[in-house]
Amino acid sequence: MEIKVVENVKTVETDILVVNLFEGEKTSIDLANEYAVQEDNFKGKFGETYLLHTYGKEPYRKVLVLGLGKKEELCPNKLREAVVKAVKKCAQMEAKKIGFLLDGIEFDYSEQLAIGANIADYRFDKYKSEKKDNKIQELYVQANSDNIQKGEKFAAAMTFARNLANEPAQFATPEELASIALDLGLDTKIYDADECEKMGMGAFLAVARGSKKPPKFIHMKYTCPNPKKRIAIIGKGLCFDSGGLDLKPASSMLTMRDDMSGAAAILGVMSIIKEFNPQIEVNGIIAACENMPGCDAYKPGDILTAKNGKTIEVDNTDAEGRLTLADALCYACELGVDEVIDLATLTGACVVALGSNASGIMGNDEELIQRLIETGKRNGEKMWELPMWDEYFDSLKSEIADMKNTGSRWGGASAAGKFLEKFVKDVKWAHIDIAGTAFLEKPQKEFIAGATGAGVRTLLSYIIEQ
Ligand code: BES
Ligand code: MN
Ligand code: ZN
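Draft legend 1. Broad picture of the side chain of N147. Among the secondary structure elements, N147 is positioned in helix α4 (residues 145-166). What makes N147 buried here is its relative accessible area of 15%. Discounting residues that sit within four places of it in the chain, N147 has contacts with F107, D108, S110 and E111.

Draft legend 2. Summary view of the sheet that holds strand β11 (residues 303-305). One open sheet accounts for three strands, arranged β11-β12-β16; its pairing is mixed. Every interior strand has two partners, whereas the edge strands, β11 and β16 (403-404), have only one. In terms of strand pairing, strand β12 (residues 311-313) meets β16 through two bridges, oriented parallel. In the strand pairing of β16, E313 is matched with K404.

Draft legend 3. Layout of the domain arrangement of the chain. Domain boundaries assigned for the chain yield domain 1 (2-142) and domain 2 (154-464). Once you take the C-alpha centre of each, domain 1 and domain 2 turn out to be 37 Å apart. The interface is formed by 15 residues belonging to domain 1 together with 19 residues belonging to domain 2. Of the roughly 1,500 Å² buried at the junction of domain 1 and domain 2 (both faces included), carbon and sulfur atoms supply 55%. The interface formed by domain 1 and domain 2 holds three salt bridges in total.

Rules and cut-offs
Residues numbered from 1 in each chain as written. Chains lettered and ligands numbered in written order. Predicted model: local features only at pLDDT ≥ 70, side-chain atom pairs only at ≥ 80, totals over all residues. Heavy atoms only, no water. Helix = DSSP H or I, 4+ residues; strand = E, 2+ residues; numbered from the N terminus. Buried < 20%, exposed > 50% of the residue type's maximum accessible area, 1.4 Å probe, protein only. Contact = heavy atoms within 4.5 Å. Pairing = 2+ DSSP bridges. Domains from an automatic or database assignment. Buried area = accessible area lost by both parts, 1.4 Å probe. Salt bridge = Lys/Arg side-chain N within 4 Å of Asp/Glu carboxyl O.

Set out below in structure tokens:
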């Protein structure tokens, strides 16, 4: 879909002109006021719509009145949700050209219009031999073009991440992620298994051993002259998580191509970062591999040595994400950055705790955590802080190694956080568990089922606001 900023959307020939109506107010389209508001008593409750025909009297063939609820309650997030509804409705009616009249809405909200329009437009149909032809081609709007462009860039990064996470594991392999990273035109280094071995990444490599597909450790770097700050963003990159020898049951394995959603989000962010020209250094890091039960698979009871020398007794091969992240965190800390943020589909326990509407967040720096929560809130990504009390490490204590990779089922999201903490040194760190938010089994709010691009908006926004 192409978004075009125009002076006066009412003069553009479109199939449908969408105009918003606040409860108890009027629109700037007389027809809408006359028929929808006065005659049919359309109230403009949030998310409700009313359609009327203009019978060739106006450049726009129809008007879709979009209820936005009470004016004082509108916020950018609500506008985006309403836009998604309206655009989906227009697409259902097979409109090709639509207009948007944002009446009495602040210009900077139009960033969310661009994001919403793209979310509404998103589908993953590349493997359908017959594609539905109900895509909107052009959207005209009176808005600030800088805001629209910013929204479009955010949307592009989300779409990038969603496509990658939706892609079947047979195609989205570690090698494929590495080649995508190399194509982004950043300063990128890919480490193969033998180089990872030399770096001492015994935890990451153990996870990778059960698969025929070779692991890839990816490091992308964006920088600028005299960066104000240096950060690292890490994404869990399990291209497929079968559970390993502790094999998952079929129903739990079904969506495990999404176990690289963290990596997909990092790639999405890195794919657009140059266009924002942020004044900080950003290192995008992914330890990409598959967790498979092949003949050389790592086994329960094995003892692994991570990059920082700490030893780990394998209690369950399905707690593999934290093993790959352990080495990635060590690597990031050795870069001497100021902050590290990791994004991971890490625990089913986080999904049990928070469901699919909010990600879990924890870490060692309350200011960083609060800033990320606040940034997420403004960008339509909810996050909830989970505790990191020392007791959560108790069940990870091992008789024969420095720690085990799992312990009690209870409080599993926090225990995973405590595990990761052992590989973080002298740096501000936040860990975001996106196991529930990254991939939807059924449609939810603005999103169709499948990948959501969780974390992309928060990270991008955080980076460009430095
Ligand atoms: N990738 C899974 C976590 C997950 C679960 C992501 C559901 C998305 C949806 C992770 O590797 C895993 O298997 N975690 C185990 C840990 C357990 C063995 C301690 C889990 O949560 O069951
Ligand atoms: Mn697992
Ligand atoms: Zn996993």
